[in-house]
Amino acid sequence: MTRRLRLAIPAALTVPLAMGIGSAVSAQELPSYYPETYGDIVEASKNEGGLLIYSNMAQYNWQPVIEGFNALYPWIEVSTLDLDSDEVFTRYYAETSSGAETTDLMISATMDGWLNFMNGGHALDYGSPEADQLPDWSKLQPNLYTVSTDPMIMVYNKLTVPEEMQPKGIGDLVRIVNENPGVFDTKLTTYNSAQTSFGQAIDLVYLREHGDAAWDQLDTLGPLSRTEVSSGPMLAKIASGEYSVGYFISGIVFFPKLNDPTNAQIMGWNFIDDGTPLFMREMAIPKEAGSPNAAKLMLDYILSHAGQTAFGVGGLTPYREGVKKEDVAFYTYDSIKEEIGEDNILLIDYDPALVADLDSFVERWREAYQQK
């Protein structure tokens, strides 16, 4: 059987794989920067039992990626489980501690989760041939790769919030609520940072940027806010009018809702003008993966131009240079940078110093949000 595989790159950058590694593999074409031994990974994947992925993404995010991947590797059956950011790790640890089969590839957005996983030596040692094509800031440490850079934004109900009260940023929201006492009581929403590491990372990066002034802002917004553990309920309640304004809402959850004309009429949004956090969604192959070669192929595909574009079509925010906004559903890293300026991007970059004293942060956050 002869399969002709080609990643979505210019033909001039492709070369045949090395001879002598099997007739089916020698017919493939891959980028010139791929090692000659890459065909060994492709061949080995044919003897594995499919690919199981734990991630905090929905099926509609995955669909274009799996379609593109299976066009290259049709023998690999891909299954994904949509878990929350922390559950990706808790499920993995529970399964490996009991000797059960576990995931082949993990994708999540949780700062302490990834730091604990990597520091614990759980990641398979794998240097992707795509790594040199990616920006240095996206490579946080060996064997850990960035999938996307997804923005946290401001969302409001246009029917309940007059245009002059529609906030452009956190500081602007503080000004508006101070000038309109009583109007926004229990009408604001954001992540519960005492219960979610996802929310913690967003707040911690914003606090790193603005210091004590940010705590002053949260001290004002906290008592007016009701918190949630995910963006879905926040957006549903903003659309219904139960909430008026949500801050640090996940853009990749919100943007697809604008495809609904009713939602587009009701809800407005903007990037946060005093610092838009971009969550670096990370991935790694666990050492206990049952299909490590299929996982390597998927990891490399996600990092490729074709894979980044496919995830962009699925609603994530690709960051690889050369992926164009017009080729994806919503935004790319470069298009966000162009719109708001690089200085206004707050990368959630997994700085260990940010989570060095989480207990103190949570205690202070509970004080600001008046939650015991």
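The structure contained in this document is the topic of the report that follows. (Residues numbered from 1 in each chain as written. Predicted model: local features only at pLDDT ≥ 70, side-chain atom pairs only at ≥ 80, totals over all residues. Heavy atoms only, no water.)

1. A word on a negative patch on the surface
Test applied: Exposure above 30% relative accessible area and the lack of any salt bridge qualify a residue for a patch; like charges then connect within 9 Å, and the nonpolar side chains Val, Leu, Ile, Met, Phe, Trp and Tyr within 5 Å. With residues, only the protein chains shown are counted as cover, and all accessible areas are computed by Shrake-Rupley using a 1.4 Å probe. Any Lys or Arg side-chain nitrogen found within 4 Å of a carboxyl oxygen on Asp or Glu counts as a salt bridge. Charge assignment in this entry is limited to Lys and Arg as positive and Asp and Glu as negative, and neither His nor the chain termini are counted. By convention, the point assigned to a charge is CZ for Arg, NZ for Lys, CD for Glu and CG for Asp. We call a residue buried when its accessible area falls under 20% of the maximum for its residue type, exposed when it is over 50%, and partly exposed in between, using a 1.4 Å probe and counting protein chains only.
On the surface, a cluster of negative charge is contributed by Asp357, Asp359, Glu363 and Glu367. On the basis of relative accessibility, which here comes to 58%, the residue Glu363 falls in the exposed class.

2. Describing the environment of Ile153
Put simply, the test is: Secondary structure elements follow DSSP: runs of H or I of four or more residues count as helices, runs of E of two or more count as strands, with numbering from the N terminus. Here, residues are in contact when the closest pair of their heavy atoms is within 4.5 Å.
Examined against the element boundaries, Ile153 turns out to sit in strand β6 (residues 145-157). Judged by relative accessible area, which is 0%, Ile153 ranks as buried. Each C-alpha atom of the pair Ile153 and Gly275 lies 9.6 Å from the other, and the pair is 122 residues apart in sequence. The contact partners of Ile153, leaving out residues within four places of it in the chain, are Gly246, Tyr247, Phe248, Ile249, Gly251, Phe254, Phe255, Trp269, Asn270, Phe271 and Ile272.

3. Concerning the layout of surface pockets
What counts, and what does not: In this analysis, the protein atoms alone were mapped onto a 1 Å grid. Cavities are point sets where a 1.4 Å probe fits without being able to get out; pockets are open sets with protein on both sides within 12 Å along at least five of seven lines; lining residues have an atom within 4 Å of a point. Grid points are joined across faces, edges and corners, and a volume is the space filled by probe spheres set on the points. Each residue is assigned to one class: nonpolar for Ala, Val, Leu, Ile, Met, Phe, Trp, Tyr, Cys and Pro, charged for Asp, Glu, Lys and Arg, and polar for all the others, Gly among them.
By volume, the largest pocket is sized at about 560 Å³. Asn56, Tyr191, Ser230, Ser231 and Val253 are the residues nearest the centre of the largest pocket, which is lined by 23 residues in total. Elements represented by at least two residues in the lining of the largest pocket include exactly α3 (59-72), α4 (85-98), α9 (231-240) and α10 (251-254). Classifying every residue of the lining of the largest pocket by side-chain character gives 10 nonpolar, 8 polar and 5 charged.

4. What to know about the pattern of salt bridges
Pairs can form between side chains of opposite charge once their charged atoms are near each other. Scanning the model with the defined rule gives 13 salt bridges in all. Asp172 is the partner of Arg175 in a salt bridge, and the nearest nitrogen-oxygen pair spans 2.7 Å. Of this pair, Arg175 and Asp172 both sit in helix α6 (residues 170-179), 3 residues apart, which is roughly one turn of that helix. Exposure remark for Arg175: the relative accessible area of 37% places this residue in the partly exposed category. A relative accessible area of 17% means that Asp172 is categorised as buried. A network of salt bridges, in which partner residues are shared, links Asp172, Arg175 and Glu179.

5. Some points on the packing of aromatic side chains
Quick note on the threshold: Aromatic contacts are taken between Phe, Tyr and Trp rings whose centres are within 6.5 Å, Trp giving its six-membered ring; a plane angle under 30 degrees counts as stacked, one over 60 as edge-to-face, and the others as tilted.
Within this structure, the stated rule accounts for 28 aromatic pairs. Where Trp137 meets Tyr319, the ring centres are 5.7 Å apart and the plane angle is 55 degrees; that geometry is what we call tilted. Here Trp137 is found in the loop between α5 (111-119) and β6, whereas its partner Tyr319 is found in the loop between α13 (305-313) and α14 (333-340), with 182 residues between them in sequence. Summarising the aromatic geometry, the rings of Trp215 and Phe361 are spaced 6.0 Å apart at their centres and angled 40 degrees between planes, so their arrangement reads as tilted. Taken together, the residues span a long stretch of sequence, with Trp215 in helix α8 (residues 212-221) and Phe361 in helix α15 (residues 358-369) at a distance of 146 residues. The pair Trp215 / Phe361 is uniform in exposure class, with both members buried. An aromatic cluster of three or more residues is present, and its members are Phe254, Phe255, Trp269, Phe271, Phe330 and Tyr331.

6. Brief notes about the environment of Val177
With respect to the helices, strands and loops of the structure, Val177 is situated in helix α6. A relative accessible area of 6% places Val177 in the buried class. Val177 sits 43 residues away from Thr220 along the chain, and the two C-alpha atoms are 8.4 Å apart. In this view, Val177 contacts Phe184, Leu188, Thr220, Leu221 and Leu224; residues no more than four positions away in its chain are not counted.

7. Here's the deal with the nonpolar core
What counts here: The criterion is simple. A nonpolar core is a set of buried Ala, Val, Leu, Ile, Met, Phe, Trp, Tyr and Cys residues joined through side-chain atoms within 4.5 Å.
In this structure, Trp62, Met298 and Ile302 are the most contacted members of the largest nonpolar core, which totals 117 residues. Aside from chain neighbours lying at most four places away, what touches Met298 is Leu51, Ile53, Trp62, Val65, Phe69, Val78 and Leu105.

8. Regarding α4
Worth spelling out the cut-off: For this quantity, the arc is that covered by the directions from the helix axis to the C-beta atoms. For this analysis, a polar contact is any N or O atom pair within 3.5 Å, provided that within protein one partner can donate a hydrogen and the other can accept it, and provided that sequence-adjacent residues contribute only side-chain to side-chain pairs.
Listed in full, the buried residues belonging to α4 are Ser85, Val88, Phe89, Tyr92 and Glu95. Seen end-on, α4 carries its buried residues on one side only, within an arc spanning 135 degrees. In this structure, α4 carries Thr90, Ser97 and Ser98 as exposed residues pointing more than 90 degrees from its buried face. Buried residues along α4 sit in contact with β3 (51-55), β5 (105-108), α5 and α7 (197-210). N-cap assignment for α4: the residue whose side-chain oxygen lies 3.1 Å from the backbone N of Asp86 is Asp84. Where α4 ends, the next residue or the one after it, Gly99, has phi of about 80 degrees, a positive value.

9. Details of the pairing of strand β9 (residues 245-250)
We count it as follows: Pairing between two strands requires that DSSP report at least two bridges joining them.
Within β9, 6 of the 6 residues are buried, which leaves the element mostly enclosed by the surrounding structure. Of the pairings in the sheet, the one linking β6 to β9 comprises 5 bridges and is antiparallel in character. The residue of β9 that forms the bridge with Met154 is Tyr247. By the bridge criterion, 2 bridges tie strand β7 (residues 188-191) to β9 in an arrangement that is parallel. Note on β9: the bridge partner recorded for Thr189 is Gly246.

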